[in-house]
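Topology and contacts: notes
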Amino acid sequence: MIRSLHIIGSRQMGGAESFFLRLVKALNDSGHQALAGVRPRSPLNHELGPGVDICPLGLHNSWDLLSVAAIRRLVRESGVDVVQSYMGRASRLTRLPKSSHAVHVARLGGFYKIDGYYRHADAWVGNTRALCDYLVREGLPGSKIFHIGNFVEPPRRVSADEVTALRRAAGAPEGALVIFSLGRFIDIKGFDDLLKAFAELPVEVDGRPLFLVLGGDGPLRDDLLKLAADLELGRRFHWAGWLKDTAPWFSLADLFVVPSTHETLGNVILEAWAHRLPVISTMTPGAQELVRDGVNGLLCPTGDPVQLATRCRELAGSCAERERLAAAGAAELVLHHGREAVVNSYLSMYRQLVGERNR
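Residues numbered from 1 in each chain as written. Predicted model: local features only at pLDDT ≥ 70, side-chain atom pairs only at ≥ 80, totals over all residues. Heavy atoms only, no water.

1. Observations regarding the environment of R92
Note on placement: R92 falls in helix α4 (residues 87–93). Sequence separation of R92 and V105 is 13 residues, and the distance between their C-alpha atoms is 12 Å. Those residues in contact with R92 that sit more than four places away from it in its chain are S62, W63, G116, Y117 and H120. There is a polar contact of 3.2 Å between the side chain of R92 and the backbone oxygen of G116. (Helix = DSSP H or I, 4+ residues; strand = E, 2+ residues; numbered from the N terminus. Contact = heavy atoms within 4.5 Å. Polar contact = N/O pair within 3.5 Å; in protein donor to acceptor, adjacent residues only side chain to side chain.)

See the structure below:
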């Protein structure tokens, strides 16, 4: 039976870490043994749970030779057939000798620098077609590049009482139409544009107050707080902080907005569809691969708060359109981004690469 080791070097949770968690758990649930190589202080140690064998690795910096040796020793002693690295630090430190029986697969979730970080791998996974095309342009062999998308877990059921309590805690008026967004507070996420767009919206639409909930944290938190104050959003707006359990907040919302200026994929779009929410997204590379404008969501230009506000106003004023787009998004998720389909794609790739290595 083919076995794999999955290595990630970050210390905080984000989109890549969340997908790492989902995939490792899903592979083990399918009967495939997937080990996890993570840093000792990573929150993944607690999130992975008892069903996953966790292998602590230092992964201190890009030239951590002790970690290079530790990874080689772990691969040799565990007998895994595939080592899958995530992001730059882990990929750079995974340096298997040519004599190794294992195959190194580097998974990329962005248009990262290839030289010094990824080129030495045996195969590569891109989670969008545009990313796979980029890898080919960088000179990597097309036969070793695999397009495998992401998946999200089915959301847990949230009771009406839980949503009611959350509405009160957030200060959302009774009957308010709630616009929701979340992510890391960094430049490319475009949350400043979302705040500006929300400031352009009327206080009410069809008698329903508009209310914005923003979940997340990051280095731009103070800047965004100041911007919200400058825009005088006041009680129309709630900071939810970093959300470990997002299900109640998705259940509270009526529509979901992705205001990013750049996004390779956009896991939050998949999460919103899983909760049967209509999605408005800026036209980032990832969003344009997922969202067909007017079919399963709405798109608008990046960095344009006025156009973003216009699209929000369109959906806020039409319950029927929100329901139609939510249903189309949920269908798209099941058809192309289901858990089973993605897991089977990874297992098929492993079998192919290991078979070629053995030959």
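2. What about the sheet that holds strand β3 (residues 54–56)?
Taken in spatial order, the seven strands make up an open sheet running β3-β2-β1-β4-β5-β6-β7, and their pairing is parallel. Edge positions in the sheet fall to β3 and β7 (145–147), since each of these pairs with one other strand and no more. Across this sheet, the average inter-strand angle for adjacent strands is 25°, counted without regard to direction. Taken together, the three bridges between strand β2 (residues 33–38) and β3 define a ladder with parallel strand orientation. From the neighbouring strand, A36 faces β3, where its bridge partner is I54. Those strands touched by helix α3 (residues 65–78) are β1 (3–8), β2, β3 and β4 (82–86), and its axis lies near 160° from that of β1. (Pairing = 2+ DSSP bridges. Axes fitted to C-alpha atoms, helices over the stretch in contact; angles between N-to-C directions.)

3. Structural notes on helix α7 (residues 191–200)
Residues F191, D193, L194, L195, A197 and F198 constitute the buried set of α7. Against β8 (177–184), β10 (208–217), α8 (221–230), β11 (237–241), β12 (255–258) and α12 (305–316) lie the buried residues of α7. (Buried < 20%, exposed > 50% of the residue type's maximum accessible area, 1.4 Å probe, protein only.)

4. Section: α8
When we look at burial in α8, the residues that qualify are L224, L227 and A228. One side of α8 holds all its buried residues, which, seen down the axis, span an arc of 100°. Exposed residues lying more than 90 degrees from the buried face of α8 are D222, D223, K226, A229 and D230. (Arc of directions from axis to C-beta.)

5. Considering the side chain of R92
Buried charged residue R92 carries no salt bridge. Nearest counter-charge: D115, at 11 Å. A distance of 3.4 Å separates the side chain of R92 from the side chain of Y117, its partner in a polar contact. (Lys, Arg positive; Asp, Glu negative; His and termini not counted. Salt bridge = Lys/Arg side-chain N within 4 Å of Asp/Glu carboxyl O.)

6. So, the nonpolar core
Ranked by size, the top nonpolar core spans 35 residues in total, and within it F180, W249, F256, I269 and W273 carry the most contacts. Elements with a contribution of two residues or more to this core: α6 (160–170), β8, β10, α9 (247–252), β12, α10 (267–274) and α11 (285–290). At six residues, the largest contribution of residues to this core is made by α10. Once residues within four sequence positions are removed from consideration, W273 is found in contact with V279, L290, V291, N296, G329, A330, E332 and L333. Judged by nonpolar contacts, the second largest core, of 31 residues, contains V52, I148, F151 and M349. (Core = buried A, V, L, I, M, F, W, Y, C linked by side-chain atoms within 4.5 Å.)

7. Focus on the packing of α7 against α12
Direction vectors running N to C along α7 and α12 enclose 55°, while the axes themselves pass 8 Å from each other. Considered as vectors, α7 and α12 are oriented oblique to each other. Crossing handedness for the pair α7 and α12: right-handed. Note on element contacts: α12 touches α7 through P305, L308 and A309, opposite D193, L194, K196, A197 and E200. Of the residues assigned to the contact of α7 with α12, the class counts are five nonpolar, no polar and three charged. (Parallel < 35°, antiparallel > 145°, perpendicular 65-115°, else oblique. Left-handed = near helix turned anticlockwise from the far one by under 90°. Nonpolar A, V, L, I, M, F, W, Y, C, P; charged D, E, K, R; others polar.)

8. Some points on the pattern of salt bridges
Two side chains with opposite charge may pair up if their charged atoms get near one another. Considering all chains together, one arrives at 16 salt bridges under this definition. E162 is paired through a salt bridge with R156; the nearest N and O atoms lie 2.8 Å apart. Under the relative-accessibility criterion, E162 is labelled partly exposed at 29%. Residues D230 and K226 are paired through a salt bridge, measuring 3.0 Å at the closest nitrogen-oxygen approach. Here the residue D230 and the residue K226 both occupy positions in helix α8, the gap between them amounting to four residues, near one helical turn. With respect to burial, D230 and K226 carry one shared label: exposed. Residues joined by salt bridges that share partners form a network here, namely D29, E153 and R339.

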